[in-house]
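Reading the structure
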Amino acid sequence: MDAGELTIRWTVRLALACYAVVLLLAIVHGERPATSRLSRWLWTIGCLLFVGHVLSAFAFYHHWSHQHAFDDTKAKTEAAIGLAFGWGIYVKHLFTLLWMGDVVWSWADVDSYRRRPWPWVVGLHAFMLFIAINGLMIFKDGLIRWVSLTLLLLLLAAWVGTLTHRRIAEKATSG
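As a starting point, this report considers the structure included with it. (Residues numbered from 1 in each chain as written. Predicted model: local features only at pLDDT ≥ 70, side-chain atom pairs only at ≥ 80, totals over all residues. Heavy atoms only, no water.)

1. Remarks on a nonpolar patch on the surface
To be explicit about the condition: What goes into a patch is any residue over 30% in relative accessible area without a salt bridge, connected to like charges within 9 Å or, for nonpolar side chains (Val, Leu, Ile, Met, Phe, Trp, Tyr), within 5 Å. In these tables, accessible area is a Shrake-Rupley quantity obtained with a 1.4 Å probe, and a residue counts as shielded only by the protein chains included in the view. Salt bridges are identified by distance alone: a Lys or Arg side-chain nitrogen within 4 Å of an Asp or Glu carboxyl oxygen. A run of H or I in DSSP counts as a helix once it spans at least four residues, and a run of E counts as a strand once it spans at least two, with each numbered from the N terminus. Type-normalised accessible area, obtained with a 1.4 Å probe on protein chains alone, sets the label of each residue: buried when under 20%, exposed when over 50%, and partly exposed for intermediate values.
On the surface, Ile81, Leu83, Phe85, Trp87, Tyr90, Ile138 and Phe139 cluster together into a nonpolar patch covering about 680 Å² of accessible area. Considering the arrangement of structural elements, one finds Tyr90 in helix H4 (residues 88–108). Judged by its relative accessible area of 39%, Tyr90 falls in the partly exposed class.

2. A short note on the layout of surface pockets
Test applied: Each cavity reported here is a set of points on a 1 Å grid over the protein atoms alone in which a 1.4 Å probe fits but cannot get out, each pocket an open set with protein on both sides within 12 Å along at least five of seven lines, and each lining residue one with an atom within 4 Å of a point. Grid points are joined across faces, edges and corners, and a volume is the space filled by probe spheres set on the points. Asp, Glu, Lys and Arg are counted as charged, while Ala, Val, Leu, Ile, Met, Phe, Trp, Tyr, Cys and Pro are counted as nonpolar; the rest, among them Gly, fall into the polar class.
There is about 1400 Å³ of room inside the largest pocket. Around the largest pocket, the lining comprises 42 residues; the ones closest to its centre are Lys76, Lys92, Gly135, Phe139 and Lys140. Breaking the lining of the largest pocket down by element, the ones donating at least two residues are helix H1 (3–29), helix H2 (37–61), helix H3 (66–81), H4, helix H6 (118–138) and helix H7 (143–174). Split into classes, the residues belonging to the lining of the largest pocket amount to 24 nonpolar, eight polar and 10 charged. For the second largest pocket, the calculated volume is near 590 Å³. Lining the second largest pocket are 18 residues, with Leu23, Ile27, His125, Leu129 and Trp159 positioned closest to its centre. Breaking the lining of the second largest pocket down by element, the ones donating at least two residues are H1, H6 and H7. When its residues are assigned to classes, the lining of the second largest pocket shows 14 nonpolar, two polar and two charged.

3. Focus on the environment of His66
The following threshold applies: Two N or O atoms form a polar contact when they lie within 3.5 Å of each other; inside protein one atom must be a possible hydrogen donor and the other a possible acceptor, and for residues adjacent in sequence the pair counts only when both atoms belong to side chains.
Along the polypeptide, His66 turns up in helix H3. Judged by relative accessible area, His66 falls into the partly exposed class, the value being 29%. Along the sequence, His66 and Ile89 sit 23 residues apart, while their C-alpha atoms lie 8.9 Å from each other. Within polar-contact distance, the side chain of His66 engages the side chain of His93 at 2.7 Å.

4. Looking at the nonpolar core
So the rule is basically this: What makes a nonpolar core is a set of buried Ala, Val, Leu, Ile, Met, Phe, Trp, Tyr and Cys residues whose side-chain atoms join them at distances within 4.5 Å. The contact rule is simple, with two residues in contact once any of their heavy atoms fall within 4.5 Å.
Grouped together as the largest cluster of nonpolar side chains are 32 residues, with contacts concentrated most on Leu16, Tyr19, Trp43, Phe50, Phe95, Trp99 and Met128. Counting only elements with at least two residues in this core, the list comes to H1, H2, H3, H4, H6 and H7. If you tally residues by element for this core, the top one is H1, at 10 residues. Those residues in contact with Met128 that sit more than four places away from it in its chain are Tyr19, Trp43, Phe95 and Trp99.

5. Digging into the packing of aromatic side chains
Short version of the rule: Between 30 and 60 degrees the pair is tilted, below 30 it is stacked and above 60 it is edge-to-face, where a pair is any two Phe, Tyr or Trp rings, Trp via its six-membered ring, whose centres lie within 6.5 Å.
Under the defined criterion, the tally for this structure stands at 12 aromatic pairs. Aromatic side chains Tyr19 and Trp99 sit 5.9 Å apart centroid to centroid with 50° between the ring planes, which places their arrangement in the tilted category. Here Tyr19, found in helix H1, pairs with Trp99, found in helix H4; they are 80 residues apart in sequence, far enough to count as distant. What makes Tyr19 buried here is its relative accessible area of 2%.

Structural data, given as structure tokens:
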């Protein structure tokens, strides 16, 4: 495996690891993601790593050809789900732009960012998780698929466990 391929793989893995930690911190602390100083830094680092992933994929794999990226996305989508859909590259661009915009908002107006509406937060993270799950579990195989599934299940368990713990604590204090 050459340096370009390693860069492509590890920038996305580290970016999504940062994202997972941001979600875990939000779950544990009962807050919107990326609102504490630590989680905002992780959110920013993850975003920068993801931008690095996109740039390295275009540099090392697509040779700066958007048509190649479109055709490659189309072929991989057909191989994975039986549907030739190259427009998924634009979904990845949207993912990147939304993450970048959210990071900018988190630093530009911290108070407004902390008060952002729950529908925005849920919608953003539902979309991002959908894309991450597709990228790591539908379009990949082998060890990375199982590691990703394990991390997703751990996040889900943390969320359910935290909700359960909070409900028990609320009943104890109100009853």
